[in-house]
Amino acid sequence: MAGMNENGASLDTIVALAKRRGFIYPGSEIYGGLAGVYDFGPRGIELLNNLKADWWRANVYGKENYFGLDAGMFKNPRVWDASGHTSGFSDPLAECKDCNTRIRVDKELAKIGVTADEKMTEKDLNELFDKHRKDIPCPKCGKKNFTAVRAFNLLVKSNLGDFTAAGSEPVYLPGEACQGIYLDYKNIVDTMQPKIPFGVAQIGKAFRNEISPRNYLFRTREFEQADTQLFIRPNENKDAYEAMKKDRMQWYVSLGIDPSRLRFKQHEHLAFYAKDAWDIEFDFPTLGFDEVEGIHDRSDYDLTQHMKFSGVDLRYTDPMTTEKYVPWILETSMGVGRVFLAVLSNAYTEDELGGEKRVVLKLKPSLAPVKAAVFPLLKNKPQLVDKAREIFKALKKEFGAVEFDDNGNIGKRYRRQDEIGTPFCVTIDFDTLEKGAGVTVRDRDTGKQERVGENDLIKYLSSKLA
Ligand code: GAP
């Protein structure tokens, strides 16, 4: 069923597991939280880093002629004028006059089957809203007493330099991470001498003053985007765009995501910069299919705008023919938090092992936050504990993300590691010590145990974790 994990897990179940097991915490929780901000806990940061490393391998190392970048977040304020964000990056907002709840008018209209075009003016939106107000109740108090619609700009303002100067110009936190790539396009051409087509990849933070941040990691006010921008010759977009869509979908499947929970959706209404746009959607628990990544044909919009506003010639000179042109851009822009949630939801499984019910995250081993856990069979036998600590240290040196656990019976320790998706649990028992019989290695998915010689353990785990 759409919107359900195959085990029927709801989003609340995933949220509870993520909190309980140190993946995701609400931001500023001890102060009552801050809407639309989340923290990645000790297990979350490991999964997040593994996910980003996989993306980097696929999109920088796995491709010819792609370069990595990490641009500064603050930018000259003119950048956001040129990009169109100071004027065109807004959501339509109305406020309930009774309880002050703010609604996104386009989302509330969509709930009753009415589409508000992204390119609509404030006047058009008000006309459309007025026609349907009688059918739109406030999600909080249920009344239908809203203000007029106004375009609410999503850029987050900040300040730099002289904080006291009245009227000093604000700087903006990035509304989309990719602008840094356009600003450094010329530097990359000058220093790396790439031949078109070439790509630039970057993972960077974006900030949006979302009117109603909701649905957990799905719509936050601070998030990361993993972007690629492919610079191509004008009008050579069609085949490259199709190849890009295919390549990106394949990457999600390579993460172990069930293909039946992935689909493409073409945008009916295009953002101000796009000529064509497709989303990759994932079937989230409770929420159903929704966007994890946008793939956009941005034509020459971005470089033309930056050329106009900066006065700098950003045309590319073909090294063979000396022909000059403004490259077109094909973009992939993935929300890292949304994919994190997709990976977690996809991996969440409730099954039965050895007659016992359990929750297990069936994560691809390379994504798992903990690669192996080491247990002494009993915590009150110093010889077992010493040996286990020795093995733990050796594995930690090799794999980094390794945990030691001597708390409770072995069954409970397995359950805890299953819940965070640890692929292997290594137990040190009396046969390890007395017979030199090696350790037992238990496989997360099958529950099967194998004896592995102490000296072969690193090689054994390396081959399975690759
Ligand atoms: N540079 C293009 C761009 O920013 P977008 O469709 O607005 O395009 C790209 O954003 C991706 O960023 C989306 O597919 C989504 O995964 C993620 N994203 C956008 N807004 C978000 C939000 N408020 N919270 C979490 N992720 C978000």
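Residues numbered from 1 in each chain as written. Predicted model: local features only at pLDDT ≥ 70, side-chain atom pairs only at ≥ 80, totals over all residues. Heavy atoms only, no water.

## Section: the side chain of serine 83
Consideration 1: Position of serine 83 relative to the elements: it lies in the loop between helix 3 (78–82) and helix 4 (85–88).
Consideration 2: According to the relative accessible area criterion, serine 83 is buried, its value standing at 2%.
Consideration 3: Discounting chain neighbours no more than four positions away, the residues touching serine 83 are Gln179, Phe272, Tyr301 and His306. (Helix = DSSP H or I, 4+ residues; strand = E, 2+ residues; numbered from the N terminus. Buried < 20%, exposed > 50% of the residue type's maximum accessible area, 1.4 Å probe, protein only. Contact = heavy atoms within 4.5 Å.)

## Re the site of the ligand
Consideration 1: The ligand sits among 21 residues. The nearest are Glu176, Thr220, Glu291, Val292 and Glu331.
Consideration 2: The separation between a nitrogen atom of the ligand and a polar main-chain atom of phenylalanine 218 is 3.3 Å.
Consideration 3: One nitrogen or oxygen atom from the side chain of arginine 338 is found 3.4 Å from a nitrogen atom belonging to the ligand.
Consideration 4: Here the ligand has 550 Å² of accessible area as a free molecule, and 93% of this is covered by the chains.
Consideration 5: For the shell around the ligand, the leading source of residues is strand 13 (residues 288–299), giving 6 residues.
Consideration 6: Per-class residue counts for the shell around the ligand are 6 nonpolar, 6 polar and 9 charged. (Near = heavy atom within 4 Å. Polar contact = N/O pair within 3.5 Å; in protein donor to acceptor, adjacent residues only side chain to side chain. Areas by Shrake-Rupley, 256 points an atom, 1.4 Å probe, with all protein chains shown as cover. Nonpolar A, V, L, I, M, F, W, Y, C, P; charged D, E, K, R; others polar.)

## Concerning helix 1 (residues 11–20)
Consideration 1: Three or more residues of helix 1 are buried, namely Leu11, Ile14, Leu17 and Ala18. End-on view of helix 1: buried residues confined to an arc of 130°, all on one side of the axis.
Consideration 2: Tucked inside the fold, the buried residues of helix 1 contact strand 1 (24–26), helix 11 (336–347), strand 17 (348–353), strand 18 (356–361) and helix 13 (410–420).
Consideration 3: Just beyond helix 1, the residue with positive phi is glycine 22, at close to 75°. (Arc of directions from axis to C-beta.)

## Topic: the sheet that holds strand 6 (residues 150–153)
Consideration 1: Across the sheet, which stays open at both edges, the 3 strands sit in the order 5-4-6 with antiparallel pairing between neighbours. Edge positions in the sheet fall to strand 5 (102–104) and strand 6, since each has one partner strand and no second. Along the sheet, successive strands turn relative to each other by an average axial angle of 50°, direction set aside.
Consideration 2: Across 4 bridges, the pairing between strand 4 (residues 90–95) and strand 6 is antiparallel. (Pairing = 2+ DSSP bridges. Axes fitted to C-alpha atoms, helices over the stretch in contact; angles between N-to-C directions.)

## So, the pattern of salt bridges
Consideration 1: Evaluation of the coordinates by the stated rule reveals 44 salt bridges.
Consideration 2: A salt bridge links aspartate 431 to lysine 435, with the shortest nitrogen-to-oxygen separation between them at 3.6 Å.
Consideration 3: The exposure class of aspartate 431 is partly exposed, given its relative accessible area of 27%.
Consideration 4: Sharing partners across several salt bridges, the network here consists of Asp351, Glu356, Arg358, Lys362, Arg415, Asp418 and Arg442. (Salt bridge = Lys/Arg side-chain N within 4 Å of Asp/Glu carboxyl O.)

## Let's talk about the sheet that holds strand 3 (residues 66–69)
Consideration 1: One open sheet holds the 7 strands; their spatial order is 3-9-10-16-13-12-11, and the pairing between them is mixed. Bordering the open sheet on either side are strand 3 and strand 11 (262–266), each of which pairs with just one other strand. Within the sheet, the average angular offset between the axes of one strand and its neighbour, ignoring direction, is 25°.
Consideration 2: Across 9 bridges, the pairing between strand 12 (residues 276–284) and strand 13 is antiparallel. Of the residues in strand 13, the one forming a bridge with aspartate 276 is aspartate 297.
Consideration 3: Across the face of the sheet, helix 8 (residues 185–192) comes into contact with strand 3, strand 9 (198–207) and strand 10 (222–232) while running at roughly 145° to strand 9.
Consideration 4: Each of strand 10, strand 13 and strand 16 (328–335) touches helix 10 (residues 301–310); the most contacted strand, strand 13, lies at about 55° to it.

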